[in-house]
Amino acid sequence: QVQLVESGGGLVQAGGSLRLSCTASGRTFSGYTMGWFRQAPGKERAFVAAIRYSGGSTYYVDSVKGRFTISRDTAKNTVYLQMNSLKPEDTAVYYCAAKLGVVPNSDPGNYPYWGQGTQVTVSS
């Protein structure tokens, strides 16, 4: 049983930083892609970033490039999302997700495993 547990959300002023963590358990994640998605009120869940668990290649949506960094610590089975220069439009519930396969994908429907989400609120 794959479990993903997010932490690190909170309230921050515009221009500030947060680091989200996603701790994975239930199996080895070699050969998996780990992703971060977000869902703002009234909007669909949207891709933010992804990382190949083995090898560490990273992928980002254009709106966060240069501000967000996805990384992983294989010894801790944890994936991180470092978010800098936060903007009010980054406000959303952030979800960690996992899928088998090393081809990254921005469609949330291709990720069978999800965490419970963590709220990020950026005030102006």
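Residues numbered from 1 in each chain as written. Predicted model: local features only at pLDDT ≥ 70, side-chain atom pairs only at ≥ 80, totals over all residues. Heavy atoms only, no water.

Colleague: Can you tell me about the side chain of Thr-78, naming the residues and giving the values?
Modeller: Tracing the backbone through its elements, the reader meets Thr-78 in strand E8 (residues 78-83). Owing to a relative accessible area of 6%, Thr-78 belongs among the buried residues under this scheme. Among the polar contacts listed, one links the side chain of Thr-78 to the backbone oxygen of Lys-76, at a separation of 2.9 Å. Apart from the residues lying within four places of it in its own chain, the contact partners of Thr-78 are Ser-21, Cys-22, Thr-23, Tyr-53, Ser-71, Arg-72 and Asp-73. (Helix = DSSP H or I, 4+ residues; strand = E, 2+ residues; numbered from the N terminus. Buried < 20%, exposed > 50% of the residue type's maximum accessible area, 1.4 Å probe, protein only. Polar contact = N/O pair within 3.5 Å; in protein donor to acceptor, adjacent residues only side chain to side chain. Contact = heavy atoms within 4.5 Å.)

Colleague: Please provide a residue-by-residue account of the pattern of salt bridges, values included.
Modeller: Applying the stated rule across the entire model yields 3 salt bridges. Asp-90 serves as the salt-bridge partner of Arg-38, at 2.9 Å between the closest nitrogen and oxygen. Here the residue Arg-38 occupies a position in strand E4 (residues 32-39), and Asp-90 occupies one in the loop between E8 and strand E9 (92-100), the gap between them amounting to 52 residues. The salt bridge involving Asp-90 is made with Arg-67; its shortest N-O contact spans 2.8 Å. Of the two residues, Asp-90 is situated in the loop between E8 and E9 and Arg-67 in the loop between strand E6 (58-60) and strand E7 (68-73); the sequence distance between them amounts to 23 residues. On the basis of relative accessible area, Asp-90 is assigned to the buried category, the value being 1%. What makes Arg-67 buried here is its relative accessible area of 11%. (Salt bridge = Lys/Arg side-chain N within 4 Å of Asp/Glu carboxyl O.)

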